[in-house]
Amino acid sequence: MIRTTLATISAVLALALPARAADDSIAAPTLRASITVTSDVVRVGDLIDNAGSAALIPVYRSPDLGTTGALPVAQVLSVLRAKQVIGVMTGDIREVQVTRLARTLVNKDLEAAVASALERRFGLGDAANITVTFDRGIADIRLEASNTGVLQPVATRYDARSGRFDIAFEINNDNNSAPTKLRFTGNAIETVEVAVLTRDIDRTDLLKSSDVAVERRPKAEVTGEAASRDRTLGMQLRRPMRAGTPIRVADMVKPDFVQRYQSVTVIYQVPGIYLTTRGKAIESGAEGDTISVLNLQTKRTLSGVITGRGQVTVQGASQAAPMPAAVEQTSSLKRDEAPAPAPTAAALAQSLIQTPASPAQIAQAQIPQVRVSQAPAKSE
């Protein structure tokens, strides 16, 4: 009877042992080839799967924030054995890559945070136009990955005369009820985007694309409206200016199409007639300016509008006044005399060239006035 019972128990154990061995094989601790951590220590549970109750045991210090380190497998197994963790499956892994996660605040992010804290305060304008310089040349800042909040300014100081700032920020931390505190000092000034000369420019030079660059300059250095680069091209300066000088709108003028004492083409325009002659400019001017011109043929001074380089147009028809009402008068014609013939086109052109100064004269040249009295003729 006893023998039968022992045989039965042995059979049951023989059947149960393979199943338990299979379970142990599935749950065996297995080393990981690469891990990421967020805290300042590496624990057993970070290094291996199925660590069980040993998962929270710290075994290494984590790499620096935002960096990756390598651990040789032999060294890892030695440390684990010291913590009573054995039987770890390593496979063909030779080293373990350990990366410590971090939140990185790059320099531009910090500058933007300071500019936003100062925006439209203390006499400053938009944040996009505020240039920030930190003391001690602050580079990128790495924080624990648990710092997920935004940079919230909690104390802001600014001296408008010196441009100095002192700003304290707080960032909410998921692992800590107390926020992370940051403090920055430095200089902040409002700037404007302005066109700047790349070389010395004379008064008569036309500005070309290569003559102008775009830079940000302190707003205090640019009095008046700053000129954009596109607005400067093809323009002239009111005075010679040195390279590096910012250009204001008030510094520019339209280019002179006519110089003083320059020989110009004078154009006369009336309906149906277009005449040209030579003249000499008495003054300089840009396109659209009205200047005085000496007619070299008649030696008379005319007033015209600059319509091109070396070209002045006198608009005769647009200035002509309406013809005054006729006044009855006694004709000086004798009985046998006929009225004078109307002037030909050539005569009209000659008249315009010689006496173009008065609109009334132009009108008289176009329509001659001949009045005859209504007194009855004498019979013979």
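See the structure shown above.
This section reports on the structure supplied with the text. (Residues numbered from 1 in each chain as written. Predicted model: local features only at pLDDT ≥ 70, side-chain atom pairs only at ≥ 80, totals over all residues. Heavy atoms only, no water.)

1. Observations regarding the overall build of the protein
Then, number 1: From N to C terminus, the protein includes eight helices and 23 strands.
Then, number 2: A burial count over the protein gives 33% of its 380 residues as buried.
Then, number 3: Considering only contacts within the protein whose residues lie at least 6 apart along the sequence, 54% involve residues at least 24 apart.
Then, number 4: For the protein, the exposed surface amounts to about 23500 Å²; the carbon and sulfur share of it is 52%. (Helix = DSSP H or I, 4+ residues; strand = E, 2+ residues; numbered from the N terminus. Buried < 20%, exposed > 50% of the residue type's maximum accessible area, 1.4 Å probe, protein only. Contact = heavy atoms within 4.5 Å. Areas by Shrake-Rupley, 256 points an atom, 1.4 Å probe, with all protein chains shown as cover.)

2. Quick word on the sheet that holds strand E6 (residues 68–72)
For sheets, the rule is that strands pair by backbone hydrogen bonds, running either parallel or antiparallel.
Then, number 1: Taken together, the three strands give an open sheet; going across it, the order is E2-E7-E6, and neighbouring strands pair in mixed fashion. The sheet terminates laterally at strand E2 (34–37) and E6, the two strands that pair on one side only. With direction set aside, neighbouring strand axes in the sheet form an average angle of 25°.
Then, number 2: Looking at chain direction, E2 and strand E7 (residues 95–100) are connected through four bridges and run parallel. For Thr-36, the partnering residue across the bridge sits in E7 and is Thr-99.
Then, number 3: Sitting on the sheet, helix H3 (residues 73–82) touches E6 and E7, and the angle it makes with E6 is about 75°. (Pairing = 2+ DSSP bridges. Axes fitted to C-alpha atoms, helices over the stretch in contact; angles between N-to-C directions.)

3. With respect to the pattern of salt bridges
Then, number 1: Scanning the model with the defined rule gives 17 salt bridges in all.
Then, number 2: In this structure, the salt-bridge partner of Asp-135 is Arg-164, at a minimum N-O distance of 2.8 Å. With Asp-135 in the loop between strand E9 (130–134) and strand E10 (141–144) and Arg-164 in strand E12 (residues 164–173), the pair connects residues that are 29 residues apart, well separated along the chain.
Then, number 3: By relative accessible area, which is 34% here, Arg-164 ends up partly exposed.
Then, number 4: Connected via shared salt-bridge partners are Glu-119, Arg-120 and Asp-126. (Salt bridge = Lys/Arg side-chain N within 4 Å of Asp/Glu carboxyl O.)

4. Looking at H3
Then, number 1: Burial in H3 covers these residues: Val-73, Val-76 and Leu-80. In an axial view of H3, the angular spread of the buried residues amounts to 60°, which keeps them on one side of the axis. Counted as exposed and oriented over 90 degrees from the buried face of H3: Ala-74 and Ala-82.
Then, number 2: Buried residues belonging to H3 abut strand E1 (30–31), helix H2 (44–47), strand E4 (48–49), strand E5 (58–61), E6 and E7.
Then, number 3: Once H3 finishes, Gln-84 follows within two positions and takes phi at roughly 65°, a positive value. (Arc of directions from axis to C-beta.)

5. Here's the deal with the nonpolar core
Then, number 1: Formed by 24 residues in total, the largest nonpolar core has its most connected members in Leu-118, Phe-165 and Phe-184.
Then, number 2: Element by element, the count of residues in this core is highest for helix H4 (residues 107–118), at six residues.
Then, number 3: Excluding residues within four positions of it along the chain, Leu-118 makes contact with Leu-124, Ile-130, Thr-156, Tyr-158, Phe-165, Ile-167 and Ala-188.
Then, number 4: One finds Val-37, Leu-47, Ala-54 and Val-59 within the second-largest nonpolar core, a separate group that totals 20 residues. (Core = buried A, V, L, I, M, F, W, Y, C linked by side-chain atoms within 4.5 Å.)

6. What to know about the packing of aromatic side chains
Then, number 1: Applying the stated criterion to the full structure yields four aromatic pairs.
Then, number 2: Ring centres of Phe-122 and Tyr-158 lie 5.6 Å apart, and the angle between their planes is 45°; this geometry places the pair in the tilted category. Pair noted here: Phe-122 is in the loop between H4 and E9 and Tyr-158 is in strand E11 (residues 152–158), with a separation of 36 residues, a long-range link. (Phe/Tyr/Trp six-rings, centres within 6.5 Å; stacked < 30°, edge-to-face > 60°.)

7. Some words on the side chain of Asp-135
Then, number 1: Among the polar contacts made by the side chain of Asp-135, one reaches the side chain of Arg-164 at a distance of 2.8 Å.
Then, number 2: A polar contact of 2.8 Å, which involves the side chain of Asp-135, links it to the side chain of Thr-185.
Then, number 3: Beyond its immediate sequence surroundings of up to four residues, Asp-135 is in contact with Arg-164, Thr-185 and Gly-186. (Polar contact = N/O pair within 3.5 Å; in protein donor to acceptor, adjacent residues only side chain to side chain.)

8. A short note on the pairing of strand E21 (residues 290–295)
Then, number 1: Of the two faces of E21, the one holding Ile-291, Val-293 and Asn-295 is buried and the one holding Thr-290, Ser-292 and Leu-294 is not buried anywhere.
Then, number 2: Sheet topology places strand E19 (residues 273–281) next to E21; three bridges connect them, and they run antiparallel. What sits directly across from Lys-280, in E21, is Leu-294.
Then, number 3: Bridge analysis of E21 against strand E22 (residues 301–308) gives five bridges, and the strand direction is antiparallel.

9. Section: H4
Helical geometry: 3.6 residues make up each α-helical turn, so side chains three or four residues apart lie on a common side.
Then, number 1: Between its terminal C-alpha atoms H4 stretches 17 Å, which fits the 16 Å expected from 12 residues at 1.5 Å a residue.
Then, number 2: Residues Leu-110, Ala-113, Val-114, Ala-115, Ala-117 and Leu-118 constitute the buried set of H4.
Then, number 3: Those residues of H4 that are buried lie in contact with strand E8 (102–105), E9, E10, E11, E12 and strand E13 (176–197).
Then, number 4: Note on H4: the residue one or two positions beyond its end, Arg-120, has a positive phi of about 55°. (Expected span 1.5 Å × (residues − 1).)

This is a description of form; function is not addressed.
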